[in-house]
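Breakdown of the fold
The primary structure of each chain is shown beneath.
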Amino acid sequence: MRGILLVIVLGMLAACGSPPPTVDLLIPVNAKCTTCEDFIRCDGGIENAAVYDPSFDLYRLEPKGILAQLATVWEFLIQLFHTRTEDLRPLSVYAQRPGESSAFNRTITKGLEARTDLVAHRIHLPSGWIDQVTGDWHGTDDSRRGACRLLKPAEGREVLKLFAEPATGDPS
C-alpha cells in the first residue's frame, strides 16, 4: 500500500514540473479556440508589409464544425495525461495572380485542411507550410516561397471582398 501511495505522489510531482518555455510567434493561431477564424496572407515579395505584391495567397483557417468542437474540448481535458501536439482546422485558400485577359486572376479553393504542429510551431498546408515563429512561407519541397503575416479578422474579411467581385483594374 505504501508503494502505491509513493508512486501516486511521485507521478503527481512529475506532472507539476515547470511548463515548457513560451515561444514568441509571429503568426499565433489559438489551437484552443474552436470558433475562431484566422486569416494569413502570404506572398513572395519583400517582407515589408508596405510593399504591394499583387500575387498572394490568403489562407483562411475556418471555425471547426460542432462535432470537431466537442472533440477539441475532450482533447484539452485529456491533456492532463497526454500532451496535445497538433490541431486540425478547415481551410480555404484565396489566390490572386496577375491575369492574362484581366488585371487579376482570382481563385478560391475550399474544403481543405490545415494541420498546426504545436511542437514545431508550423502550419502545414496542402501546398507547403508556414513557420509560425519567423513567418517564412515554404513549399512542399521545403524551399522558401516568401513571407506571411497574420491579418486582423476585419482585414481578412476585407480581402475576401476582392474575391466576391469581378477582377477589374488597378487596386490602387
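Quick look at the structure, then. Since the structure is predicted, the reported quantities are computational estimates derived from the model, not experimental observations. (Residues numbered from 1 in each chain as written. Predicted model: local features only at pLDDT ≥ 70, side-chain atom pairs only at ≥ 80, totals over all residues. Heavy atoms only, no water.)

Turning our eyes to something else, we now look at the sheet that holds strand S2 (residues 56-61). Taken in spatial order, the eight strands of this closed barrel run S1-S2-S3-S4-S5-S6-S7-S8, and their pairing is antiparallel. Averaged over all neighbouring strand pairs, the angle between strand axes comes to 30 degrees, with direction disregarded. Alignment of strand S6 (residues 128-131) against strand S7 (residues 136-139), held across three bridges, turns out to be antiparallel. Paired with tryptophan 129 across the two strands is histidine 138, which belongs to S7. In this fold helix H3 (residues 153-160) packs onto strand S1 (38-43), S2, strand S3 (86-98) and strand S8 (144-151), with an angle of close to 120 degrees to the strand it touches most, S2. (Pairing = 2+ DSSP bridges. Helix = DSSP H or I, 4+ residues; strand = E, 2+ residues; numbered from the N terminus. Axes fitted to C-alpha atoms, helices over the stretch in contact; angles between N-to-C directions. Contact = heavy atoms within 4.5 Å.)

It is worth spelling out the pairing of S3 at this point. Relative to S3, S2 runs antiparallel, the two sharing six bridges. When the bridges of S3 are listed, arginine 60 appears paired with serine 92. For S3 and strand S4 (residues 104-117), the ladder comprises twelve bridges, and the chain directions are antiparallel. By the bridge assignment, leucine 91 is partnered in S4 with leucine 112. Between the end of S3 and the start of S4, which pair antiparallel, lie five residues.

Before going further, it helps to spend a moment on the state of the cysteines. This structure, assessed with the given rule, holds two disulfides. In this model, cysteine 33 is linked to cysteine 36 through a disulfide, with the two sulfur atoms separated by 1.9 Å. Across the S-S bond of cysteine 33 and cysteine 36 the torsion is about 95 degrees, and the bridge reads as right-handed. Residue class for cysteine 33 comes out buried when judged on its relative accessible area of 15%. The disulfide partner of cysteine 42 is cysteine 148, and the gap between their sulfur atoms is 1.9 Å. Between cysteine 42 and cysteine 148 the disulfide shows an S-S torsion of about 110 degrees. By sign, it is right-handed. (Disulfide = S-S within 2.5 Å. Buried < 20%, exposed > 50% of the residue type's maximum accessible area, 1.4 Å probe, protein only.)

Core analysis: the biggest nonpolar cluster contains 14 residues, and Ile40, Tyr59, Ile123 and Ile130 have the highest contact counts within it. Counting residues per element, the ones that place at least two in this core are S1, S2, S3 and strand S5 (122-125). With near-sequence residues (within four places) excluded, isoleucine 123 lies in contact with Ile27, Val29, Ile40, Ala114, Arg115, Thr116, Gly128, Trp129, Ile130 and Gln132. Formed by eight residues, the second largest nonpolar core is a distinct cluster that contains Phe56, Tyr94, Leu151 and Val159. (Core = buried A, V, L, I, M, F, W, Y, C linked by side-chain atoms within 4.5 Å.)

To continue, consider the packing of aromatic side chains. Given two aromatic rings, one states the distance between the centres and the angle between the planes to describe the pair. Inspection of the entire model under this criterion finds three aromatic pairs. Seen in terms of ring centroids, tyrosine 59 and tryptophan 137 are 6.4 Å apart; in terms of plane orientation they differ by 75 degrees. Their pairing is edge-to-face. Residue tyrosine 59 is found in strand S2, and its partner tryptophan 137 is found in strand S7; the two are separated by 78 residues along the sequence. Ring geometry for tyrosine 94 versus phenylalanine 163: centroids 5.3 Å apart, planes at 65 degrees, classification edge-to-face. Linking tyrosine 94 in strand S3 with phenylalanine 163 in the segment after H3, this pair joins segments that are 69 residues apart in sequence. In terms of burial, tyrosine 94 and phenylalanine 163 fall into one category: buried. Among the aromatic side chains, those forming a connected cluster through ring pairs are Phe56, Tyr94 and Phe163. A cation sits over an aromatic face here: arginine 41 above phenylalanine 56, 4.4 Å from the ring centre. (Phe/Tyr/Trp six-rings, centres within 6.5 Å; stacked < 30°, edge-to-face > 60°. Lys NZ or Arg CZ within 6 Å of the ring centre and 35° of its normal.)

We now examine the pairing of S8. Walk down a regular strand and you will see the side chains alternate between the two sheet faces. Bridge analysis of S1 against S8 gives five bridges, and the strand direction is antiparallel. The partner of aspartate 43 across the bridge, within S8, is alanine 147. By the bridge criterion, three bridges tie S7 to S8 in an arrangement that is antiparallel. Counterpart to tryptophan 137 in the pairing with S8 is glycine 146. Taking the residues between adjacent antiparallel strands as the criterion, S7 and S8 are bridged by four residues, where aspartate 142 takes a positive phi near 70 degrees.

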